[in-house]
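# Structure at a glance
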There are 4 protein chains.
Amino acid sequence: MSDQNNDSTRRGFLMNAGAGLLAAAVPATQLAPPDKQPPNLDVPEPLGKKVGWAIVGLGKLALEEVMPAFARCEKSRPVALVSGHPDKAKQVAERYGINPKSIYNYENYDTIKDNPEIQVVYNILPNHMHAEYTIRGHQAGKHVLCEKPMAATVRECEQMIDAAKNAQRKLMIGYRLRYEPYNQTAIEMARKKQFGEIKLIESSNVQDVQAPNIRLSKQTAGGPLGDVGVYCINACRYLTGEEPVEVTGTQHQPKDDPRFAEVPESVAFTLRFPSGVMGYCGCSFGGAESRRYRVQCAKGWFELDPAFAYTGLELHTSQEKTRSQINLPQKNHFAAEMDHLSTCILDNKDPLTPGEEGLADMKVMAAIEESVRTGKAVAVS
Amino acid sequence: MSDQNNDSTRRGFLMNAGAGLLAAAVPATQLAPPDKQPPNLDVPEPLGKKVGWAIVGLGKLALEEVMPAFARCEKSRPVALVSGHPDKAKQVAERYGINPKSIYNYENYDTIKDNPEIQVVYNILPNHMHAEYTIRGHQAGKHVLCEKPMAATVRECEQMIDAAKNAQRKLMIGYRLRYEPYNQTAIEMARKKQFGEIKLIESSNVQDVQAPNIRLSKQTAGGPLGDVGVYCINACRYLTGEEPVEVTGTQHQPKDDPRFAEVPESVAFTLRFPSGVMGYCGCSFGGAESRRYRVQCAKGWFELDPAFAYTGLELHTSQEKTRSQINLPQKNHFAAEMDHLSTCILDNKDPLTPGEEGLADMKVMAAIEESVRTGKAVAVS
Amino acid sequence: MSDQNNDSTRRGFLMNAGAGLLAAAVPATQLAPPDKQPPNLDVPEPLGKKVGWAIVGLGKLALEEVMPAFARCEKSRPVALVSGHPDKAKQVAERYGINPKSIYNYENYDTIKDNPEIQVVYNILPNHMHAEYTIRGHQAGKHVLCEKPMAATVRECEQMIDAAKNAQRKLMIGYRLRYEPYNQTAIEMARKKQFGEIKLIESSNVQDVQAPNIRLSKQTAGGPLGDVGVYCINACRYLTGEEPVEVTGTQHQPKDDPRFAEVPESVAFTLRFPSGVMGYCGCSFGGAESRRYRVQCAKGWFELDPAFAYTGLELHTSQEKTRSQINLPQKNHFAAEMDHLSTCILDNKDPLTPGEEGLADMKVMAAIEESVRTGKAVAVS
Amino acid sequence: MSDQNNDSTRRGFLMNAGAGLLAAAVPATQLAPPDKQPPNLDVPEPLGKKVGWAIVGLGKLALEEVMPAFARCEKSRPVALVSGHPDKAKQVAERYGINPKSIYNYENYDTIKDNPEIQVVYNILPNHMHAEYTIRGHQAGKHVLCEKPMAATVRECEQMIDAAKNAQRKLMIGYRLRYEPYNQTAIEMARKKQFGEIKLIESSNVQDVQAPNIRLSKQTAGGPLGDVGVYCINACRYLTGEEPVEVTGTQHQPKDDPRFAEVPESVAFTLRFPSGVMGYCGCSFGGAESRRYRVQCAKGWFELDPAFAYTGLELHTSQEKTRSQINLPQKNHFAAEMDHLSTCILDNKDPLTPGEEGLADMKVMAAIEESVRTGKAVAVS
């Protein structure tokens, strides 16, 4: 028996077990009455209806994170694939029990409208394809979960939101951190002013991106601000619950590193919020992993480090002379976000991170880029 | 697109994508040739043959850990259940896609011999039932994975090993930590003498067990030494690679706590190994969780804290003036151990932790108990 | 101006400062009234009477720790030296402003009785000389602070206590950890049951001792139990506030390491206390530094790691899902213990760690050694 | 005997010790020859000449940090005080053995030129008085150590440097962190590119300043940028070894907090260096203590947290999957910086942090303030 079964329900075995070759049964008088048995040992409830998902784009994220995450979902199941590689798609379909007739490519993508099993599309395509395939998804009558950054421009974001409205379908942006316990707890600490008023937020998101990689291409809307800096921006926004009023930005694009022929290596920026909170942030495609934020408040601080990774997030706090690390249950981020949208669809509710959330970040990014170009502080429209 | 896809293979999408409503395609000249594409993005290999498992005992460990772990297995799948609760078994079977005809109870357990889908039995019953159901499993022609502690007595362990031999089937004890990266790395550090010769091993395994719980019952072979202390003993053995020659033990059984009417609350013990390494350990059912070991060597130390939990293990080292924490990939312990036995079955090899491993621990435990009774240091036979 | 002066009292400067060449004075109306000025900026109180100390033995501890610590003392000053090396003593006297006439050697040591400036003797000699020079100190009419371990045998300890009583002088043992905030806080946590009842105490004190070193000599009462293991024993005693009733011990003395020709390399032992708390401990002269304890309680644990070093102690706690590190002010251990005894002398009070405290540890060590020899659990008399 | 004396030299005692009442002496043959004795146990070298210091300004920093630090100095001793409070000065003089005739006030300060014991003046006055009293010190023929920020304006800094040149005396700014091991090691890691090229530096210095406090006054040149932000600026400069080419700044000055009637509460800023490294920093007088930097490099990062405190600095690194904490010896920052200048005076060398160092920081601060005012990125002249 395992050492971690701090419960009595194993005794249930004994009631029906045979006399035993080697061991005597425990007298029935020692057994707790059935109503005293902890309920959490029951078999999970019979499964309710699961929403059918089409995965659009079978890259690394889809194969290594999203597809396996369905095993952790209560409300979501994969029913279709959209890929430019039929062989790859066939293998994936086989592994995950998807009907091979539900494999689509980018030409016949719009025919998903004829497949009623598909209720929602998960758009995991490169950034510059987010708008097109989201809009076509909505036009096919499907709900859409679109990866971040939402699109390449503010204009695209607005078109996507319009498409969802016109189709009367839900559009959610894949801000997975809003659906996992560490960032949720940080938001709660901020809202409850657990360490007093927030004064400054310090955040970085740094990765080492090796060429070739479409994230290094301008045409595919790559670059560190959209791909990793968006985490810092989004965090400052969800931690304050405010929209920034003004930003400054500065960047570095080395001339001697071919990786950064089209996009900057690093961007540093500041955000000023109406309440007076200021964020100062750095993002880069040229450094070793560093992905964190510290929320500096009147009476203490709390930080996530790492804050933005798929797993292994850590929550640290400091108040007076005590530094603490708080362990929370780890949740699969992708399962959590997919089930959130599935539940919204089943219950006809708005998702926590709709298209407007992606649009707001895009406006901040556009302002930072303008500040980089003009050398001036830029108001966020 | 996600921020963590440091690869170029997303560009594969572009080749087949339509002209695009809003974004231009990347010129084909920018694309890497297919043979440069990182192979790890390929779909996992078509699945090979999976070994069929029968789960015996549907308690908390089975429901919360073992059944979900099959989703992480490459070589193992659940094909049968053995339970005294037909309704519960039926629900579990439904959830995990097990044929309802493959549900057994403790009376008809032996008829599993007629079910060729079942190749191996996972015995997750209370400790005092380990021997009987392992032996009956072997007699039914099945391989067996049996939870630790292996049994209630040295005699039972020997009978189980004999049963496996007679049946020409494999018997493995569920020492899951031998199959996960943190303890494996610790063993490697010990073998390579990365911090010099081991001098002392300090280990604790403390939990707070609330009544009612069969682990507090003498008749079901409960008590802290067998259920949690076995981890410390096993760790000292796998870290040194030696068998202890002599032990001392002392225990506390409070008179005023009804939980400990039948079993001691805590046991403290020492182990002396041929090389001169000494272990000093404590285990308890009455304290808050503390599950660790520190291996104190000539030139530094390394420790796991926690060392014995299902998740969240941490590896720390100290050498000269530097303390380090080494992050390793987390693996599902149960999937890893089940796949290990499945692979041994498929390849006809001996498991890493056979019945003899459980017997060795049992002999140490018997010696500690004798030392507690007699007040003398006891040689391990 | 420094960044850490969070106070207003600098403004005091301005009141009397000249008109200024470059900067205008702050108007007087901006100044806080004098009674609002924080009192902690006042000059420390005029010093009271300081007790005169003679340092006996000018080894590493005396030169590197004790002599410099006088600069941190409020109640203690060095007035005499006792050494077998007149030249060294002369240099030390010069550095610390000690009258060269107050330098003694081991022959004329007893003449300190004629020096009224000397009120207390700090005995920092090798262990086997603790008894003789403490007793001679008392016979010379002086109070004595004696380093730990108190002496080589229980008999010697008793003779020392008798000598103090006969001379009506105070005898204190140098348990410096009782006078610094980290161990004091740990004791408070234990007494207040902050994490519930103590169940188990795990402690190690491991060092790497290189030959030649008198601590490796049997004749000078060396060996790991007395020199480092005493910390674990003392900690278990001050954390529980109890005397152990029974101990077990086992040791390793390698045959192939010339360092351990006379003394064991390592000793592992257990202590059982009347309340049921058990300690399990390891000490060694052959391993890299590891000096800690964890107090495992019903609802959590607290630990010091390091616990026994001169500086850099750390206090960690665990309760439910939170691990915390609590930063306390660092205090010079030697200044604190010397001032404690000086205060006891000035106020005619008993020290917190009198000779009886050293005797109690010595009895436990004697019992552990007997257990090692006999292979039996030994009651502590 | 203490447990931490890993040496053999205590045996020296034995050579001259008496026959012993209770213990036999170790045979002389066991003793190491004198030339084998570790030299570090010798008495410290006879003291050389110490440079005489006058402390100007007896505020909290002087009383709590600087005066006690002289006990840790090898080359520096206090010989005079300059204060507007004669009673306070008299008490301090008494405590530290300073001739009461060497107490000066702000009117007769210039007469220090007639006191040959005074070689160097430590200017610990409020920021707006730094220039005047430094210049008057030089005019009196003295070397000067001036606290940071060097002065209120770039113009003042230049006048101070000129005054030192004219007087042919040394001017050093009190950048204490350049003289202690943690920041020195960080600089070495940066120079050696231990984790590859630096990409981004993230730094904060946040404190909670309570009114009344001259640091909240505009006239005394208070405000967070000069008092705490200067640490971040200086760190970015000493870590890169470069001067920034362009800065941006933004600030918050709350209208509803009377503390910030004259100075901003917080300032966030970015620094761009010629190599492409960018710093992004935040400083505040309104938040709980957070004082750190992380240097994000191509292959890993290293950070000090805290980085800027007087004690308790910690050095952490991350590379691949390993996070390490490196413990270095703690040094008294003030003793180290004072002895540095004393040594420079004795050896007629230039200090590591001359007036030009303070001027460089002042130029950066002026540029940040201009950026705040103009909303434009500002080139550092």
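Residues numbered from 1 in each chain as written. Chains lettered and ligands numbered in written order. Predicted model: local features only at pLDDT ≥ 70, side-chain atom pairs only at ≥ 80, totals over all residues. Heavy atoms only, no water.

### As for the overall build of chain A
When helices and strands are counted, chain A shows nine helices and 15 strands. Scored against the burial criterion, the 381 residues of chain A give a buried share of 63%. Of the roughly 13900 Å² of accessible surface on chain A, 49% is carried by carbon and sulfur atoms. (Helix = DSSP H or I, 4+ residues; strand = E, 2+ residues; numbered from the N terminus. Buried < 20%, exposed > 50% of the residue type's maximum accessible area, 1.4 Å probe, protein only. Areas by Shrake-Rupley, 256 points an atom, 1.4 Å probe, with all protein chains shown as cover.)

### With respect to the pattern of salt bridges
As enumerated under the stated definition, the model contains 92 salt bridges over all chains in all. The closest approach of N and O atoms between B:D305 and B:R292, which form a salt bridge, is 3.9 Å. Of this pair, B:D305 sits in the loop between strand 12 (300–304) and strand 13 (315–319) while B:R292 is found in strand 11 (residues 286–297), placing the two residues 13 residues apart along the sequence. A residue is classified by how much of its surface remains accessible, and B:D305, at 4% relative accessible area, is buried. Judged by its relative accessible area of 0%, B:R292 is buried. Look at the salt bridges and you will find they share partners, linking A:E202, A:R292, A:R294, A:E303, A:D305, A:R323, D:E202, D:R292, D:R294, D:E303, D:D305 and D:R323 into a network. (Salt bridge = Lys/Arg side-chain N within 4 Å of Asp/Glu carboxyl O.)

### Structural notes on the nonpolar core
Residues C:L171, C:L239, C:F269, C:Y293, C:F302, C:F308 and C:I368 are the most contacted members of the largest nonpolar core, which totals 81 residues. Apart from the residues lying within four places of it in its own chain, the contact partners of C:L239 are C:A186, C:I187, C:A190, C:R191, C:I198, C:I201, C:Y293, C:V295 and C:F302. (Core = buried A, V, L, I, M, F, W, Y, C linked by side-chain atoms within 4.5 Å. Contact = heavy atoms within 4.5 Å.)

### Regarding the pairing of strand 8 (residues 246–252) of chain D
Residues and elements named next belong to chain D. The buried count for strand 8 comes to five of seven residues, which makes it a mostly enclosed element. The sheet contact formed by strand 8 and strand 9 (residues 266–272) spans seven bridges and is antiparallel. Counterpart to T250 in the pairing with strand 9 is A268. Direction of pairing for strand 8 relative to strand 15 (residues 378–379): antiparallel, over a ladder of two bridges. Its bridge partner lying in strand 15, E246 is registered against A379. (Pairing = 2+ DSSP bridges.)

### Concerning the sheet that holds strand 5 (residues 143–146) of chain D
Residues and elements named next belong to chain D. As summarised here, the arrangement of the six strands in space is 3-2-1-4-5-6, forming an open sheet in which the pairing is parallel. The sheet is open, and its two edges are formed by strand 3 (103–104) and strand 6 (171–173), each paired on a single side. Note that strand 1 (residues 51–56) and strand 2 (residues 76–82) share six bridges and pair parallel. Bridging across to strand 2, I55 finds its partner in L81. Contacts between helix 2 (residues 60–69) and the sheet are confined to strand 1, strand 2 and strand 4 (120–123), with strand 1 contributing the most and set at about 170° to the helix. (Axes fitted to C-alpha atoms, helices over the stretch in contact; angles between N-to-C directions.)

### So, helix 8 (residues 333–347) of chain D
All names here are of chain D. If you check helix 8, its first and last C-alpha atoms are 21 Å apart, about what 15 residues at 1.5 Å a residue would give, namely 21 Å. For helix 8, the tally of buried residues reaches 11 of 15 residues, placing the bulk of the element in the interior. Along its buried surface, helix 8 packs onto strand 1, helix 2, strand 2, strand 4, strand 5 and strand 6. Phi turns positive, to about 50°, at N348, one or two residues after helix 8. (Expected span 1.5 Å × (residues − 1).)

### Describing the packing of aromatic side chains
The full count for this structure, using the stated rule, is 30 aromatic pairs over all chains. For the pair C:W53 and C:Y122, a centre-to-centre distance of 6.0 Å together with 65° between the ring planes defines the contact as edge-to-face. Pair noted here: C:W53 is in strand 1 (residues 51–56) and C:Y122 is in strand 4 (residues 120–123), with a separation of 69 residues, a long-range link. For the pair C:W53 and C:Y122, a shared accessibility class is recorded, and that class is buried. Taking 5.3 Å as the distance between ring centres and 40° as the angle between the ring planes, the aromatic pair formed by D:Y231 and D:F308 counts as tilted. With D:Y231 in helix 7 (residues 224–240) and D:F308 in the loop between strand 12 (300–304) and strand 13 (315–319), this residue pair connects regions lying 77 residues apart in the sequence. (Phe/Tyr/Trp six-rings, centres within 6.5 Å; stacked < 30°, edge-to-face > 60°.)

### Things to note about the pairing of strand 11 (residues 286–297) of chain D
All names here are of chain D. Judged by how many residues are buried, strand 11 sits mostly within the fold: 11 of 12 residues are covered. Note that strand 7 (residues 198–208) and strand 11 share nine bridges and pair antiparallel. Within strand 11, the residue paired with V206 across the bridge is S290. Linkage of strand 11 to strand 12, two consecutive antiparallel strands, is achieved through a turn of two residues.

### Considering the sheet that holds strand 1 of chain C
Residues and elements named next belong to chain C. An order of 3-2-1-4-5-6 is seen for the six strands of this open sheet, with the pairing classed as parallel. Edge positions in the open sheet fall to strand 3 (103–104) and strand 6 (171–173), since each of these has one partner strand only. Examined bridge by bridge, strand 5 (residues 143–146) and strand 6 share three bridges and lie parallel to one another. Paired with C146 across the bridge in strand 6 is I173.

### Some details on the packing of helix 7 (residues 224–240) of chain C against helix 9 (residues 355–374) of chain C
Pairs of packed helices are described in terms of their axes, by the angle between the two and the distance that separates them. Residue and element names in this part refer to chain C. Contact pair helix 7 / helix 9: the axes reach a minimum separation of 10 Å and the direction vectors enclose 110°. On the basis of the axis angle, helix 7 is roughly perpendicular to helix 9. Judged by the sense of rotation from one axis to the other, the crossing of helix 7 with helix 9 is right-handed. Taken together, the residues of helix 9 that come into contact with helix 7 (itself represented by L225, G226, V230, I233, N234 and R237) are E357, A360, D361, V364, M365, I368 and E369. Partitioning the contact of helix 7 with helix 9 into residue classes produces seven nonpolar, two polar and four charged. (Parallel < 35°, antiparallel > 145°, perpendicular 65-115°, else oblique. Left-handed = near helix turned anticlockwise from the far one by under 90°. Nonpolar A, V, L, I, M, F, W, Y, C, P; charged D, E, K, R; others polar.)

### Thoughts on unusual backbone geometry
Excluding glycine, residues mostly carry a negative phi; peptide bonds, for their part, are mostly trans. Cis peptide bonds are those with omega within 30 degrees of zero, and the linkage from A:D305 to A:P306 qualifies with 0°. Positive phi outside glycine occurs at C:Q168, with the angle close to 55°. C:Q168 gets classed as exposed once you look at its relative accessible area, which sits at 70%. The phi dihedral of D:K193 is positive, around 50°, even though this residue is not glycine. Relative to the helices and strands, D:K193 resides in the loop between helix 6 (181–191) and strand 7.

Note that all results are geometric; they support no functional claim without further evidence.
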